[in-house]
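Okay, here's what each chain looks like letter by letter:
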Amino acid sequence: MRIADNLSIIKQQILDSALKSGRNPLEVSLIAVTKNVSAARANECIAAGIFDLGENRVQELQNKLPEVPAARWHLIGHLQTNKVKYIIGRVALVHSLDRWTLAEEIDKKSQAAGIVTPVLVQVNVAGEETKFGLELQEARDFVAEAAGLSGIAIQGLMTIAPFVTNPEEVRPVFRQLKGLAHDLQDISGVRMDQLSMGMTNDYKVAIEEGATLIRIGTAIFGSRY
Ligand SMILES: *Cc1c(COP(=O)(O)O)cnc(C)c1O
């Protein structure tokens, strides 16, 4: 199927899932994940009206920057501290703030550039060994400390749910992230209004549980592997 057709189906699904759970569909933004996808296909998303694109590797993001000039870029993957300098001022949102040394580096490089970088704190809700992200119990202290860094602006939280065949199994993961965001709202100097959760396999459930940013690759571009 064409990219535009896939996008129409997903947009309809966003509407259905939001309305089903009593949410305003306009609160849910679709991020098209373009990793392993050509710049030409990324530009098809732009042509179809999806300007928010996500990459998980800095090198690939850098390659696409000049070729997809209209995109608003989201860095969604693990970020090495020594690569921060390449993304400052070039991305709309970093979804994967997962450790203190990274917070310090984004802060430092942002201040040097005279900008503030919007970030989400990644939480490993399910405690999977293979995944990056803070543990649930670490999140409060981390966010409270990071709130003091003037070069970053915390906008909310992100999680990657475990891969399961029945997405109902990960509903509690999304619910916990939403609950955590609610708990952390009282920390001054941060916002907790963005919840980046939900991928091809589980985005409907994620929307029902409060996702404001869903990150979709396979359902748009087909299987990449
Ligand atoms: C690849 C990726 C996605 C998209 O996954 P799909 O299952 O293909 O929709 C979302 N988030 C992150 C962090 C990714 O690396």
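Fair warning: this is a prediction, and the values are worked out from it, not measured in the lab.

Cut-off values and rules
Just so you know, the residues in each chain are numbered from 1, in the order the chain's sequence is written. Thresholds applied to this predicted model are a pLDDT of at least 70 for local features of residues and 80 or more for the giving and counting of side-chain atom pairs; totals over whole chains, interfaces and linings are not thresholded and use all residues. Only hydrogens and water are removed before side-chain values are computed, so all heavy atoms of the structure are retained for them. What makes a residue near a molecule or strand is one non-hydrogen atom of that residue sitting within 4 Å of it. Polar contacts, as counted here, are pairs of nitrogen or oxygen atoms within 3.5 Å of one another; within protein the pair requires one atom able to donate a hydrogen and one able to accept it, and residues that are adjacent in sequence qualify only if both atoms are side-chain atoms. Each accessible area value is a Shrake-Rupley result obtained with a 1.4 Å probe; residue values ignore everything except the protein chains displayed when judging cover. All residues other than Ala, Val, Leu, Ile, Met, Phe, Trp, Tyr, Cys, Pro, Asp, Glu, Lys and Arg, Gly among them, are scored as polar; the first ten of these are nonpolar and the last four charged. The rule is short: rings of Phe, Tyr and Trp, with Trp giving its six-membered ring, pair when the centres are within 6.5 Å, and they are stacked under 30 degrees, edge-to-face over 60, tilted in between. Here a strand is any run of E in DSSP of at least two residues, a helix any run of H or I of at least four, and the numbering for each starts at the N terminus. For each residue, the accessible area found with a 1.4 Å probe, counting protein chains only, is set against the maximum for its type, and the residue is called buried under 20%, exposed over 50%, and partly exposed in between. Should DSSP find at least two bridges between two strands, the strands are taken to pair. Here, the term right-handed applies to a crossover whose path from the first strand over the helix to the second runs clockwise when the strands point away from the viewer. The salt bridge definition used is simple: a Lys or Arg side-chain nitrogen within 4 Å of an Asp or Glu carboxyl oxygen.

Engineer: Which parts of the structure should I look at to understand the site of the ligand?
Structural biologist: Taken together, 12 residues are adjacent to the ligand, and Lys35, Thr200, Arg215, Gly217 and Thr218 come closest. Arginine 215 places a polar side-chain atom, nitrogen or oxygen, 2.9 Å from a nitrogen atom of the ligand. In the complex, 88% of the free accessible area of the ligand, which totals 390 Å², lies under the protein chains. Tallied by class, residues from the shell around the ligand come to five nonpolar, four polar and three charged.

Engineer: I'm lost on the packing of aromatic side chains in this one. Help?
Structural biologist: We describe a pair of aromatic rings using the distance from one ring centre to the other and the angle between the two ring planes. Per the stated rule, a full pass over the model turns up one aromatic pair. With centroids separated by 6.0 Å and ring planes inclined at 85°, the aromatic side chains of tryptophan 100 and phenylalanine 142 adopt a geometry described as edge-to-face. Taken together, the residues tryptophan 100 in helix α5 (residues 100–113) and phenylalanine 142 in helix α6 (residues 139–146) connect sequence positions 42 residues apart. With relative accessibility at 9%, the residue phenylalanine 142 sits in the buried group.

Engineer: How do you make sense of the pairing of strand β2 (residues 52–55) when you look at a structure like this?
Structural biologist: Regular strands have side chains that alternate between both faces of the sheet. Alternating positions in β2 separate into two faces, Asp52 and Gly54 on one and Leu53 and Glu55 on the other, with burial throughout. Looking at chain direction, strand β1 (residues 29–33) and β2 are connected through two bridges and run parallel. Paired with alanine 32 across the two strands is leucine 53, which belongs to β2. Handedness of the β1-helix α2 (residues 39–47)-β2 crossover: right-handed. With four bridges connecting them, β2 and strand β3 (residues 72–75) associate as parallel partners.

Engineer: Help me understand the pattern of salt bridges in this model?
Structural biologist: If charged atoms from side chains of opposite charge come close, those side chains can pair. This structure, assessed with the given rule, holds 17 salt bridges. Between glutamate 208 and lysine 20 there is a salt bridge; the shortest N-O distance is 3.1 Å. Of this pair, glutamate 208 sits in helix α8 (residues 203–208) while lysine 20 sits in helix α1 (residues 3–20); the two residues are 188 residues apart in sequence, bridging distant segments of the chain. The class of lysine 20 is exposed, set by a relative accessible area of 64%. Note that arginine 23 and glutamate 27 form a salt bridge whose closest N and O atoms lie 3.2 Å from each other.

This is a description of form; function is not addressed.
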